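Remarks on the overall topology
Read off the chains here:
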Amino acid sequence: MGGRKIYYKTEEEIDLLRESSLLVGRTLAEVAKVLKPGVSTLDIDKVAEECIRDNEGVPGFLNYNGFPNSLCTSVNSQVVHGIPNDTPLEEGDIVSVDCGVLKNGFYGDSAYTFTIGEVSDEIKKLLRVTKESLYLAIEQAVAGNRMGDIGYAVQHHAESNGYGVVRELVGHGLGQNLHEAPEVPNYGRRGNGMKLREGLVLAIEPMINMGVRQVKQLNDGWTIKTADNLPSAHFEHDVVVRKGKAEILSTFEYIEEVLNK
Ligand code: MG
Ligand code: MG
């Protein structure tokens, strides 16, 4: 994390964060165009890096603490931080594609879990509930609320559907650092935690497991996967805390235009 100091952003800084976040959305849409059975996560990593650089950005994850690629690609029981490889994706797989961009000195960071071909109804429900939990959390990201309201929204929705909420990894502040204070847990109690103030920019990213909440790390030093090997889903948006209603800086619109074609 980029220190413990919390940087509240000016409108000028928010404009730059929005630009970076939207470039992540456009990059994930390029990924959406090529994802299908037979394509590998290294293939989509190449597509993403090209899109980012073509738009005057720098891949935010590449070389971050030594991470080797532009995307984190986490397949099926992998939760987050998966390293792209040349294994072809198969019909029925899901893949969380997490992308970071640095442009004009500010980061964007957003993730979407894609389906490869037809997936089971069970998996469709996991993805739907995880995405719903993200938007319920965003509804809580308003000035005067507390951090625990965000975490509670995710946890309550996921757990009432029988899912496990990952605790070891959390969302974060976002700005000139990819990971800034404060941490944004996906669990919590209403009315608890720090008070949210206008200008706070957060990456909110529920990681929801079909089975138990426990995770383990692979010996590649990066990949986090579920302890019971059941699937996990992950969606992430960058948001600004505002009065009355949070503003979402990133977007899934470009992605979903491609997917709904
Ligand atoms: Mg991310
Ligand atoms: Mg993040």
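Here, the structure is the one placed above.
Below: a short report on this structure. Everything quoted here is computed from the prediction, not taken from an experiment.

Overview of the coordination of the magnesium ion (ligand 1)
Ligation of the magnesium ion (ligand 1) by protein atoms is provided by D98 (OD), D98 (OD), D109 (OD) and E236 (OE), these donors lying 2.0 to 2.5 Å from the ion. All donors of the magnesium ion (ligand 1) come from a single chain, and their spacing in sequence reads D-x10-D-x126-E. A separation of 3.1 Å is found between the magnesium ion (ligand 1) and the magnesium ion (ligand 2), both of which receive a donor from D109. Highlighted residues: D109 in strand β5 (residues 106-115) and E236 in the loop between β13 (232-234) and β14 (237-240), separated in sequence by 127 residues. Judged by its relative accessible area of 2%, D109 is buried. Classification of E236 as buried rests on a relative accessible area of 0%.

Description of the packing of aromatic side chains
The final tally for this structure, using the stated rule, is 6 aromatic pairs. Residues Y112 and F114 carry aromatic rings whose centres are separated by 4.9 Å and whose planes lie at 50° to one another, so their mutual orientation is tilted. The pair Y112 / F114 is uniform in exposure class, with both members buried. For R167, the ring lying beneath its charged end belongs to Y187, and the centroid distance is 4.6 Å. Here the basic side chain of R197 rests over the ring of Y8, its NZ or CZ set 4.1 Å away from the ring centre.

Comments concerning the coordination of the magnesium ion (ligand 2)
In ideal tetrahedral geometry, four donors around a metal make angles of 109.5 degrees, whereas ideal octahedral geometry with six donors gives angles of 90 or 180 degrees. Each protein donor to the magnesium ion (ligand 2) is listed here as D109 (OD), H172 (NE2), E205 (OE) and E236 (OE); together their distances run 2.1 to 2.2 Å. Mapped onto the polypeptide sequence, the residues donating to the magnesium ion (ligand 2) form the spacing pattern D-x62-H-x32-E-x30-E.

Details of the pattern of salt bridges
Applying the stated criterion across every chain yields a total of 13 salt bridges. In this structure, the salt-bridge partner of D15 is R18, at a minimum N-O distance of 2.9 Å. Placement of the pair is D15 and R18 together in helix α1 (residues 11-34), with a separation of 3 residues, close to one helical turn. Between K124 and D121 there is a salt bridge, with the nearest N and O atoms lying 3.9 Å from each other. Of this pair, K124 and D121 are both found in helix α3 (residues 121-139), 3 residues apart, which corresponds to roughly one turn of the helix. For D121, a relative accessible area of 61% translates into the label exposed. Members of the salt-bridge network, linked through shared partners, are E11, D15, R18, R242 and E247.

Examining the side chain of E236
For the buried E236, no salt bridge exists, and the shortest N-O distance to an oppositely charged side chain is 13 Å, to K9. Excluding its chain neighbours within four sequence positions, the residues that come into contact with E236 are D98, D109, S110, A111, L134, H172, A203, I204, E205, S250 and F252.

Some words on unusual backbone geometry
Residue P182 is reached from A181 by a cis peptide bond, and omega for that bond is 0°. Mapped onto the secondary structure, P182 falls in strand β8 (residues 180-184). For N104, which is not glycine, the phi dihedral falls at a positive 55°. Looking at the element boundaries, N104 is found in the loop between β4 (94-103) and β5. According to the relative accessible area criterion, N104 is partly exposed, its value standing at 45%. Even without being glycine, N229 reaches a positive phi, approximately 65°. Tracing the chain through its elements places N229 in the loop between β12 (224-226) and β13.

Cut-offs used in this document
Residues numbered from 1 in each chain as written. Chains lettered and ligands numbered in written order. Predicted model: local features only at pLDDT ≥ 70, side-chain atom pairs only at ≥ 80, totals over all residues. Heavy atoms only, no water. Donors = N, O, S within 2.8 Å, 3.2 Å for Na, K, Ca; no water. Helix = DSSP H or I, 4+ residues; strand = E, 2+ residues; numbered from the N terminus. Buried < 20%, exposed > 50% of the residue type's maximum accessible area, 1.4 Å probe, protein only. Phe/Tyr/Trp six-rings, centres within 6.5 Å; stacked < 30°, edge-to-face > 60°. Lys NZ or Arg CZ within 6 Å of the ring centre and 35° of its normal. Salt bridge = Lys/Arg side-chain N within 4 Å of Asp/Glu carboxyl O. Lys, Arg positive; Asp, Glu negative; His and termini not counted. Contact = heavy atoms within 4.5 Å.

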